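# Residue-level structure breakdown
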Amino acid sequence: MQVYDELVARGLIAQVTNEEEIRKMVNEGKATFYIGFDPTADSLHVGHFMALCLMKRLQMAGNKPIALIGGGTAMVGDPSGRSDLRQMMTVETIQHNCECFKKQMSKFIDFSDGKALMVNNADWLMNLNYIEMLRDVGVHFSVNRMLTHECYKKRMERGLTFLEFNYMIMQSYDFLMLYEKYGCNMQFGGDDQWANMLGGTELIRRKLGKDAHAMTITLLLNSEGSKMGKTAKGAVWLDPEKTSPYDFYQYWRNVDDADVIKCLRMLTFLPLEQIDEMSHWEGSQLNQAKEILAYELTKLVHSEEEAKKAQDSARALFGSGDAAEMPTAELSMDDLQDGKADILTIVHKSGLCASRSEARRNVQQGGVSVDGEKVTDIAASYTLDQLKAGIVVKRGKKNFKKVVVK
């Protein structure tokens, strides 16, 4: 199976400008393509993950990726998919975030020997002359047409700033510059970027009389239609300091049954034949499929060693494996009374519940266990020796920590 057909089979492709031409270029390894990443945080997150995997797949097929860091566009902020104005960032913050992105991307993309490029659109956007930009680029954009695009229609209801209105022009200009500087003939991005990407292909056609192409990637949505990569704690980050390898593993281990096969197809590099076989699994076998998904993705992002540690720690909850790498909460000696800590203190201080009253409700309702034993007595307590050795405290089905006294 050639690479384009594999992308289709994995459900990755949403929209294309010229399928026949894109298929030919991608399959023959003749695509020089870019994907843009605005540095709105100091880490990439799961929302970027599928784009990175796509870049890796296409590079493996001989195509040349360009990772465009949006040091310039981040000064404006993309209104796509937003109901409000993005928070403005300082130049120093944006530069710091750019450096963090570069480090993370290198785990996925081979930048050696010119096999891929990493560029920053601040290099050309920050020094533009406003009048020249209006005359040279702005003249090619119809305001009437721009306002028909979904990314602007949604924002018109709440108020669209002129600052944000320029974003499509800036992204289109990026494509033009990459075409002229590096021969970039294709842009890939999330499906919510379709209008901005068409703006770029049209600008290249009008300015240079050349053809450029665009392809959008299917958004990673769960079975309820919401974007994946969000938890009660916030985004699932690729930086291990922001989302630990264990928590990253657990996020994928706990996906809904309806989403596991789709995620295996779209995000892992497992053979499609193997995934098709798993699509017939039911019941407890689906848990095995989730383990495979979590292991494969944690290995991609954090290394095989971290994936193995996370898997062992997760299995430790069910009576096997090594709990050494499980998330740990430390109690202080001040949390003990008469050499013991009661269960409410342990659940509260470990962060498994926000308050003692919430901890009390969870214990009384049978939602708390210690070392695999359900605890229903709110007066239950644990000795200093037990806590020094460490106890595994679990609240509900998915929240647990190893609690120790240091």
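Residues numbered from 1 in each chain as written. Predicted model: local features only at pLDDT ≥ 70, side-chain atom pairs only at ≥ 80, totals over all residues. Heavy atoms only, no water.

### Points about empty space enclosed by the protein
Tallied over the full model, the rule gives one cavity of 30 Å³ or more. Approximately 40 Å³ is the volume attributed to the largest cavity. What lines the largest cavity is Gln104, Lys107, Phe108, Leu238 and Val301. For the lining of the largest cavity, the class distribution of residues is three nonpolar, one polar and one charged. (1 Å grid on protein atoms, 1.4 Å probe; cavity = no way out; pocket = protein on both sides within 12 Å on 5 of 7 lines; lining within 4 Å. Points joined across faces, edges and corners; volume = space filled by probe spheres on them. Nonpolar A, V, L, I, M, F, W, Y, C, P; charged D, E, K, R; others polar.)

### Quick word on the environment of Ala61
Among the secondary structure elements, Ala61 is positioned in the loop between helix 3 (46–60) and strand 3 (64–69). Along the backbone, Ala61 and Gln95 are 34 residues apart, and their C-alpha atoms lie at a distance of 32 Å. With residues near it in sequence (within four places) discarded, Ala61 still touches Val3 and Gly29. (Helix = DSSP H or I, 4+ residues; strand = E, 2+ residues; numbered from the N terminus. Contact = heavy atoms within 4.5 Å.)

### As for helix 12 (residues 245–253)
Counting buried positions along helix 12 yields eight of nine residues, so the element is predominantly enclosed. Within the span of helix 12, buried status applies to Pro245, Tyr246, Phe248, Tyr249, Gln250, Tyr251, Trp252 and Arg253. (Buried < 20%, exposed > 50% of the residue type's maximum accessible area, 1.4 Å probe, protein only.)

### Some thoughts on the sheet that holds strand 6 (residues 213–217)
Taken together, six strands build an open sheet; the order of strands is 1-6-5-2-3-4 and the sheet is mixed. If you trace the sheet from one side to the other, it starts and ends with strand 1 (13–16) and strand 4 (117–120), each paired once. Recorded for the sheet is a direction-independent mean angle of 25° between the axes of neighbouring strands. Sheet topology note: the strand 5 (residues 186–190)/strand 6 ladder contains five bridges and is parallel. (Pairing = 2+ DSSP bridges. Axes fitted to C-alpha atoms, helices over the stretch in contact; angles between N-to-C directions.)

### What to know about helix 10 (residues 167–182)
Note: α-helices contain 3.6 residues per turn, so residues at a spacing of three or four share the same orientation. In this model helix 10 runs 22 Å from its N-terminal to its C-terminal C-alpha over 16 residues, within 8% of the 22 Å that 1.5 Å per residue would give. Within helix 10, 13 of the 16 residues are buried, which leaves it mostly tucked inside the rest of the structure. Following helix 10 by one or two positions, Gly183 has its phi on the positive side, about 70°. (Expected span 1.5 Å × (residues − 1).)

### Regarding the pattern of salt bridges
Tallying each qualifying case throughout the model produces 20 salt bridges. Ionic contacts of the salt-bridge type, sharing partners, join the residues Asp5, Glu19 and Arg23 into one network. (Salt bridge = Lys/Arg side-chain N within 4 Å of Asp/Glu carboxyl O.)

### Topic: the sheet that holds strand 12 (residues 373–374)
Consider a sheet: its strands pair through backbone hydrogen bonds, and that pairing is either parallel or antiparallel. Overall, mixed pairing links the five strands, which are arranged 9-15-14-11-12 in an open sheet. Single-partner strands in this sheet number two, and they are strand 9 (328–331) and strand 12. Pairing of strand 11 (residues 368–370) with strand 14 (residues 391–395), which is carried by three bridges, proceeds in the antiparallel orientation. Bridge assignment links Val370 to a residue of strand 14, and that residue is Val393.

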